[in-house]
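Okay, here's what each chain looks like letter by letter:
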Amino acid sequence: MEQTLSIIKPDAVKKNVIGKIIDRFESNNLKIAAMKKIELSKKDAESFYAVHAERPFFNALVEFMTSGAVVVMVLEGENAVLKNRELMGATNPKEAEKGTIRADFAKDIDANAVHGSDSLENAKIEIDFFFANREIS
């Protein structure tokens, strides 16, 4: 079974759609192996998104991700990385297919409701960033 990381971002948490997003995962055979609601510090956000540090949107991304609580989850299932990415939809919600999480719950490319690992390698790194092994079942 694959595992992947999912983050419900501050915009979706503020809209009170956590349960609706979780239902999308569970209805598509992704098990929640771990979950917690946290507030990222600036240092946490900068570290997590360090791969984007040189990109022009980095500071805005850090500011956004620290603007409120997030829900971080380990999703588990067959082809979990790909399945989660399909459920999320395109990064830009205007380009996301109807019925995807971003099409239904995101405002724009910056406040796009969710994050998901883009590969198995990054999933491992991202899961380890947020969770100790004992927190995952």
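Before reading on, note that the structure itself is shown above.
The numbering scheme is per chain: residues are counted from 1 as the chain's sequence reads. Restriction of local features to residues with pLDDT of at least 70 applies here, the model being predicted, together with a cutoff of 80 or more for giving and counting side-chain atom pairs; totals for whole chains, interfaces and linings are based on all residues. Water and hydrogen atoms play no part in the side-chain values, which are based on all heavy atoms of the structure.

Undergrad: Sorry, what's going on with the layout of surface pockets here?
TA: To find leftover empty space, one rolls a probe the size of a water molecule over the atoms. A pocket here means an open set of points on a 1 Å grid, computed over the protein atoms alone, that has protein on both sides within 12 Å along at least five of seven lines. A cavity is instead a set of points where a 1.4 Å probe fits but cannot get out; residues with an atom within 4 Å of a point line either one. Grid points are joined across faces, edges and corners, and a volume is the space filled by probe spheres set on the points. Of the voids in this model, the largest pocket is the one considered here, and its volume is about 820 Å³. Contributing to the lining of the largest pocket are 30 residues, with Tyr49, His52, Phe57, Leu61 and His115 lying nearest its centre. In this text, helices come from DSSP runs of H or I with a minimum length of four residues, and strands from runs of E with a minimum of two, each type numbered from the N-terminal end. Counting residues per element, the ones that place at least two in the lining of the largest pocket are α3 (42-48), α4 (58-65), β4 (114-116) and α7 (120-130). Ranked by the residues each element gives to the lining of the largest pocket, the list is headed by α7, at four residues. Looking at the lining of the largest pocket, its residues break down into 13 nonpolar, eight polar and nine charged. Basically, the charged four are Asp, Glu, Lys and Arg, the nonpolar ten are Ala, Val, Leu, Ile, Met, Phe, Trp, Tyr, Cys and Pro, and anything else, Gly included, counts as polar.

Undergrad: Explain helix α5 (residues 80-88) here, please?
TA: Side chains that are three or four residues apart share a direction in an α-helix, a result of its 3.6 residues per turn. Buried within α5 we find Ala80, Val81, Asn84, Leu87 and Met88. Within α5, the buried residues cover an arc of 130° as seen down the axis, which keeps them to one side. Exposed side chains of α5 directed beyond 90 degrees from the buried face belong to Leu82 and Glu86. Check the buried side of α5 and you find it contacts β1 (2-8), α2 (18-27), β3 (70-77), α6 (101-105), β4 and α7. Buried means the residue's accessible area, taken with a 1.4 Å probe over protein chains only, is under 20% of the maximum for its type, while exposed means over 50%, and partly exposed covers the values in between. Comment: arc refers to directions from the helix axis out to C-beta atoms. Should any heavy atoms of two residues lie within 4.5 Å, those residues are considered in contact.

Undergrad: When you look at the environment of alanine 113 in this model, what are you seeing that I'm missing?
TA: On the secondary structure map, alanine 113 appears in the loop between α6 and β4. A relative accessible area of 0% means that alanine 113 is categorised as buried. Through-space distance from the C-alpha of alanine 113 to that of isoleucine 101 is 7.5 Å; in sequence the pair is 12 residues apart. Apart from the residues lying within four places of it in its own chain, the contact partners of alanine 113 are Ile7, Ile8, Lys9, Asp11, Ala12, Phe105 and Ala106.

Undergrad: Where do I start with the sheet that holds β4 in this structure?
TA: What links the strands of a sheet is backbone hydrogen bonding, and the strands pair in either a parallel or an antiparallel sense. Being paired, for any two strands, means DSSP has found at least two bridges between them. Taken in spatial order, the four strands line up as β2-β3-β1-β4 in an open sheet, and their pairing is antiparallel. Bordering the open sheet on either side are β2 (31-38) and β4, each of which pairs with just one other strand. When strand polarity is set aside, the average angle formed by the axes of neighbouring strands in this sheet is 20°. Bridge count between β1 and β3: seven bridges; the pairing is antiparallel. When the bridges of β3 are listed, glutamine 3 appears paired with glutamate 76. Axis definition: a line fitted to C-alpha atoms, over the contacting stretch in the case of helices. Angles run 0 to 180 degrees between N-to-C directions.

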